[in-house]
Amino acid sequence: MFAAKTYNARRRELRTRIGQGIILLPGNSLAPNNYPNNAYYFRQDSTFRYYFGLNVPALVGVIDADSGEEALYGDDFTVEDIIWTGPQPTLHDMGAEVGVTKTFPLGDLPARLRKAIALGRKIHYLPPYRGETKLLLSELLGIKPGALHDYKSVDLMFAVAEMREKKSLEEIEAMERAFGIGYEMHTLAMKMCRPGVIEREIAGAIEGVAKSMGQGVSFPSIVSQHGETLHNLNAEGVLEEGRLLLCDAGGESLEGYCSDHTRTYPVSGRFTQKQKDIYNIVLAAHDHVARIVKPHMMYTEVHNAAYMVLAEGLVGLGILKGSPADAVAAGAMTMLMPHGLGHGLGMDVHDCEAMGERSFDFSSIAERAAQSGTCIYRAAWRIEPGTILTDEPGLYFIPALIDKCRAEGLYQGIVDYEALDAYRNFGGIRIEDDILVTETGSRILGDRKIPVTVEELEAVVGK
Ligand code: GLY
Ligand code: MN
Ligand code: MN
């Protein structure tokens, strides 16, 4: 947790941006795993934590934008609770730690909101992503769960996303600590990688590192020889000589900030020439992005720059024909890298996407984004100093996608499908680092480099 002044300043800025109405920020509650008293590991809602700091379940933050009142709603532990949990601070004491003096039982919240609604006041809330929160909001606001998205506050979504996106110095320090966890996870995976090891053994070991150094993983680890499957959570494969292992994993610092890195390397510890050729194309795209990112660029500019470098490399290998620019313009790269170059990173691994893309009416948001300079929809995302985004180009040979494009007659004269046949069982390569946009340019986060060149990887894999 940061000092109270951080949360005071954030709440003050939020209420100034919103201007009027009541800002309602529910934290997460415990989600039962198989029965109520056996819950999943608790993960606080990042926006609640950003403004109210507390990593405790079942709290609701309220900010009255008109009066400036800030309050926390939640229930103090009873003796029956304490028998199981041990002594706990009161809500009043927890509130004081984050600069909130007004605390109330959760049971007082419905009446307060009913009164505000009766007075015609706007209740600003973010689109909920969890069932428990949907039910809570539904009950508090008298809106059916399925209709909650219709009444969400777009003003609040923009204000929160714009504030959370711009990282302060203390947040950057927390992100550096998250990097430290990621570094240990990835270098351990590299050392464990050798024929005969089960992917799951590596995934389990690195997730243990994340848990021992911080809050745990920032997302379920992807440890797979099927790197062509973008988010492959099956880790039952036994590592085989000659194959590549893709490891996409990250940790969360104790303050709840995320890292997200990917490395791909040969199980044998030695790249074949063919693997090296593809690897170095992806690395060139990764390095190019790290060189060019600077404030005020549009995200799409960065994405397309990565596509260009990949296309140049693929023309060199004879997989694409003609000019790289024509291949990119024709959309051929979407067959070989069917994802965005990166995403925002912060308290969430896809930062602020909970307020996300699927919730928006794209036509109106693009117009607003042009004015505000930043938004969650990545095609209209302008990167500014303080933004942290991932740089994660890849090349993937996905038989089902290649076959579909070929059958539909796509990219004729651009993709050499016969040449591509030789890569049918190649798998996929992704390389990912986290980039901080500074006032003048950008830098890759971290005080060390996670091995990334062919030589660096060959020196550590299986050692
Ligand atoms: N780890 C998920 C991603 O890289 O987007
Ligand atoms: Mn990743
Ligand atoms: Mn990522």
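These remarks concern the structure in this document. Keep in mind that this is a model prediction, so the values were computed, not measured. (Residues numbered from 1 in each chain as written. Chains lettered and ligands numbered in written order. Predicted model: local features only at pLDDT ≥ 70, side-chain atom pairs only at ≥ 80, totals over all residues. Heavy atoms only, no water.)

Comments concerning the coordination of the manganese ion (ligand 2)
Let me state the cut-off plainly: Counted as donors are the N, O and S atoms within 2.8 Å of the metal, or 3.2 Å for Na, K and Ca, while water is not among the atoms, so some sites may look incomplete. Geometry assignment treats four donors as tetrahedral when all angles are between 85 and 135 degrees, treats four as square planar and six as octahedral when opposite donors are over 155 degrees apart and all others between 65 and 115, and treats everything else as irregular. A run of H or I in DSSP becomes a helix once it reaches four residues, and a run of E becomes a strand once it reaches two; helices and strands are each numbered from the N terminus. Accessibility here uses a 1.4 Å probe with only protein chains present; expressed as a share of the type maximum, an area under 20% marks a residue as buried, one over 50% as exposed, and anything in between as partly exposed.
Protein ligation of the manganese ion (ligand 2) involves Asp-248 (OD), Asp-248 (OD), Asp-260 (OD) and Glu-432 (OE), the donor distances falling in the range 2.0 to 2.7 Å. Relative to the metal, the 6 donor atoms surrounding the manganese ion (ligand 2) lie at angles of 53 to 167°, and the coordination shape comes out irregular. Along the chain, the residues donating to the manganese ion (ligand 2) are arranged with the sequence spacing D-x11-D-x171-E. In this structure, the manganese ion (ligand 2) lies 3.1 Å away from the manganese ion (ligand 3), the two metals sharing Asp-260 as a donor. A residue pair is termed long-range when its members are at least 10 positions apart, and Asp-248 in strand E10 (residues 244-249) and Asp-260 in the loop between strand E11 (251-252) and strand E12 (261-266) qualify at 12 residues. Given a relative accessible area of 4%, Asp-260 falls into the buried group.

Describing the environment of Asn-304
Mapped onto the elements, Asn-304 comes out in helix H11 (residues 299-317). Separated by 114 residues in sequence, Asn-304 and Met-190 place their C-alpha atoms 30 Å apart.

Some points on the sheet that holds E10
The pairing of strands in a sheet happens through backbone hydrogen bonds and is either parallel or antiparallel. Selection rule: For two strands to pair, DSSP has to find at least two bridges joining them. The axes are straight lines fitted to the C-alpha atoms, using for helices just the contacting stretch, and the angles between their N-to-C directions are given from 0 to 180°. Whether two residues are in contact is decided by their heavy atoms: any pair within 4.5 Å suffices.
Overall, antiparallel pairing links the 3 strands, which are arranged E9-E10-E12 in an open sheet. Where the open sheet ends on each side, the last strands, each with one partner, are strand E9 (222-224) and E12. Mean inter-strand twist for the sheet, computed between neighbouring axes without regard to direction, equals 10°. As judged from the 3 bridges shared by E9 and E10, these two strands associate in the antiparallel manner. For Ser-224, the partnering residue across the bridge sits in E10 and is Leu-246. Together, E10 and E12 form the strand contacts of helix H8 (residues 169-192), whose direction differs from that of E12 by roughly 15°.

What about H11?
As a reminder of what qualifies: Multiplying one less than the number of residues by 1.5 Å gives the expected span of a helix.
Along its 19 residues, H11 runs 28 Å from first to last C-alpha, staying within 8% of the 27 Å computed at 1.5 Å per residue. Buried residues of H11: Tyr-299, Val-302, His-303, Ala-305, Ala-306, Tyr-307, Val-309, Leu-310, Ala-311, Gly-313 and Leu-314, and no others. Looking at the buried side of H11, the elements it contacts are helix H10 (273-292), helix H12 (324-329), helix H13 (333-336), strand E13 (388-391) and strand E14 (394-396). Count one or two residues on from H11 and you reach Gly-318, which has phi positive near 85°.

Overview of the coordination of the manganese ion (ligand 3)
Looking at the manganese ion (ligand 3), one finds its protein donor set to be Asp-260 (OD), His-343 (NE2), Glu-392 (OE) and Glu-432 (OE), positioned 2.1 Å from the metal centre. Of note is the manganese ion (ligand 3), whose 6 donor atoms meet at the metal with angles of 47 to 158° in an arrangement that counts as irregular. Of note, the donors binding the manganese ion (ligand 3) are all from one chain and are spaced D-x82-H-x48-E-x39-E.

Thoughts on the environment of Pro-266
Within the secondary structure, Pro-266 is located in strand E12. Sequence separation between Pro-266 and Leu-457 is 191 residues, and the spatial gap between their C-alpha atoms is 8.7 Å.

Some remarks on the pairing of E12
Among the 6 residues in E12, 6 count as buried, and that is most of the element. Taking every second residue as pointing to the same face, both faces of E12 are buried, with His-261, Arg-263 and Tyr-265 on one and Thr-262, Thr-264 and Pro-266 on the other. Where E10 lies against E12, 6 bridges are found, and the strand directions are antiparallel. Within the sheet, the bridge partner assigned to Ala-249 lies in E12 and is His-261.

A word on the pattern of salt bridges
Side-chain pairing between opposite charges can occur once the charged atoms of the two side chains come close. Note the cut-off: Salt bridge, as used here: a side-chain nitrogen of Lys or Arg that lies within 4 Å of a carboxyl oxygen of Asp or Glu.
For the coordinates displayed, the defined rule picks out 28 salt bridges. Its salt-bridge partner being Glu-13, residue Arg-17 comes within 2.9 Å of it at the nearest N-O pair. Residue Arg-17 and its partner Glu-13 are located together in helix H1 (residues 4-18), separated by 4 residues, close to a single helical turn. A residue is classified by how much of its surface remains accessible, and Arg-17, at 39% relative accessible area, is partly exposed.

Thoughts on empty space enclosed by the protein
Keep this limit in mind: Here a cavity is any set of points on a 1 Å grid over the protein atoms alone where a 1.4 Å probe fits but cannot get out, and a pocket is any open set with protein on both sides within 12 Å along at least 5 of 7 lines; a residue lines the site when it has an atom within 4 Å of a point. Grid points are joined across faces, edges and corners, and a volume is the space filled by probe spheres set on the points. Ten residues, namely Ala, Val, Leu, Ile, Met, Phe, Trp, Tyr, Cys and Pro, are considered nonpolar, four, namely Asp, Glu, Lys and Arg, are considered charged, and the remaining ones, Gly among them, are considered polar.
In the structure shown here, the tally under the stated rule is 2 cavities of 30 Å³ or more. Within this model, the second largest cavity holds a volume of roughly 70 Å³. Met-1, Phe-2, Tyr-7, Arg-10, Arg-49, Tyr-50, Gly-53, Glu-255, Tyr-257 and Met-347 together form the lining of the second largest cavity. Only H1 and helix H2 (46-52) provide two or more residues apiece to the lining of the second largest cavity. Taken together, the residues that form the lining of the second largest cavity break down as 6 nonpolar, 1 polar and 3 charged.

Quick word on the site of ligand 1
Convention followed: Put simply, a residue is near a molecule or strand once any heavy atom of it comes within 4 Å of that molecule or strand. Counted as a polar contact is a pair of N or O atoms within 3.5 Å, where, for protein atoms, one must be capable of donating a hydrogen and the other of accepting one, and residues adjacent in sequence contribute only when both atoms are in side chains. Surface accessibility follows the Shrake-Rupley procedure with a 1.4 Å probe radius. Residue values consider only the protein chains on display as shielding.
Phe-219, His-231, Asp-248, Asp-260, His-343, His-350, Glu-392 and Glu-432 make up every residue found near ligand 1. Interatomic distance of 3.1 Å between a side-chain N/O atom of Asp-260 and an oxygen atom of ligand 1. One of the side-chain N or O atoms of Glu-392 is found 3.0 Å from an oxygen atom in ligand 1. Look at ligand 1: alone it shows 190 Å² of surface, and the protein chains cover 94% of it. Along the lines of polarity and charge, the residues of the shell around ligand 1 split into 1 nonpolar, 3 polar and 4 charged.

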